[in-house]
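# Descriptive analysis of the structure
One-letter residues, chain by chain:
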Amino acid sequence: MKTTIETMDNGQKKVINPCAEPCSVERGMRVLGGKWKASILWHLQDGPVRFNDLTRMLGGASKKMVDQRLKELETQGLVTRHVISDRPIAVSYTITELGRTALDILERLKEWAEEYVI
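For clarity, every value in this text was computed on a predicted model and none was experimentally measured.

### Brief notes about the overall build of the protein chain
Looking only at helices and strands, one finds 6 helices and 5 strands in the protein chain. Counted from the first residue to the last, the protein chain has its helices and strands arranged as β-β-α-α-β-α-α-β-β-α-α. Classification of the 118 residues of the protein chain by burial places 25% in the buried group. A fraction of 39% describes how many contacts in the protein chain between residues 6 or more apart in sequence connect residues 24 or more apart. Approximately 8600 Å² of the protein chain is accessible, and the part contributed by carbon and sulfur atoms is 54%. Across the protein chain, the centroid of the 18 positively charged side chains sits 7 Å from that of the 16 negatively charged ones.

Now the structure itself:
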């Protein structure tokens, strides 16, 4: 339900349908809104990417930050981690079907940002 504010007869304002818990938009932003998360998903859309290559693609994100965000995305079921070899360790990441469902949103966000030069 939509939250609205009504002005009562005495001039006081009353909130109708206040959010008792995070709304759908807030929950979605918690998943996609973390720094680098959307960019990581975007770069994984064409197939598996190795960790170091992904870090290079993001340009500006530290390896520690990328590692943290990948762990969060993996916990949320948006990416999967694959160990390619143990020595030297090589890891790649793949977007899951759930992660792919966010790509339409990201495409629309990209188009919006390009249209309004944001």
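Here the narrative resumes, following the displayed structure.
### Things to note about the packing of aromatic side chains
The tally for this structure, following the rule as stated, stands at 1 aromatic pair. With centroids separated by 6.4 Å and ring planes inclined at 55°, the aromatic side chains of W112 and Y116 adopt a geometry described as tilted.

### A closer look at helix α3 (residues 51–58)
What α3 keeps buried is the set F51, L54, T55 and L58. End-on view of α3: buried residues confined to an arc of 100°, all on one side of the axis. Packed against the buried residues of α3 are α2 (37–44), β3 (49–50), α4 (63–75) and β5 (89–95). Immediately beyond the C-terminal end of α3, within one or two residues, lies G59, with a positive phi of roughly 45°.

### Quick look at the sheet that holds β3
Read across the open sheet, the 3 strands follow the order β3-β5-β4; overall the sheet is antiparallel. Each end of this open sheet is capped by a strand with a single partner; those strands are β3 and β4 (79–86). Strand direction decides the pairing type here: β4 and β5, joined by 7 bridges, are antiparallel. Of the residues in β5, the one forming a bridge with D86 is I89. Of the strands in this sheet, β3, β4 and β5 touch α2, which is tilted by about 90° from β5.

Calculation criteria
Residues numbered from 1 in each chain as written. Predicted model: local features only at pLDDT ≥ 70, side-chain atom pairs only at ≥ 80, totals over all residues. Heavy atoms only, no water. Helix = DSSP H or I, 4+ residues; strand = E, 2+ residues; numbered from the N terminus. Buried < 20%, exposed > 50% of the residue type's maximum accessible area, 1.4 Å probe, protein only. Contact = heavy atoms within 4.5 Å. Areas by Shrake-Rupley, 256 points an atom, 1.4 Å probe, with all protein chains shown as cover. Lys, Arg positive; Asp, Glu negative; His and termini not counted. Charge placed at Lys NZ, Arg CZ, Asp CG, Glu CD. Phe/Tyr/Trp six-rings, centres within 6.5 Å; stacked < 30°, edge-to-face > 60°. Arc of directions from axis to C-beta. Pairing = 2+ DSSP bridges. Axes fitted to C-alpha atoms, helices over the stretch in contact; angles between N-to-C directions.

Read these as layout, nothing more, since geometry by itself doesn't imply function.
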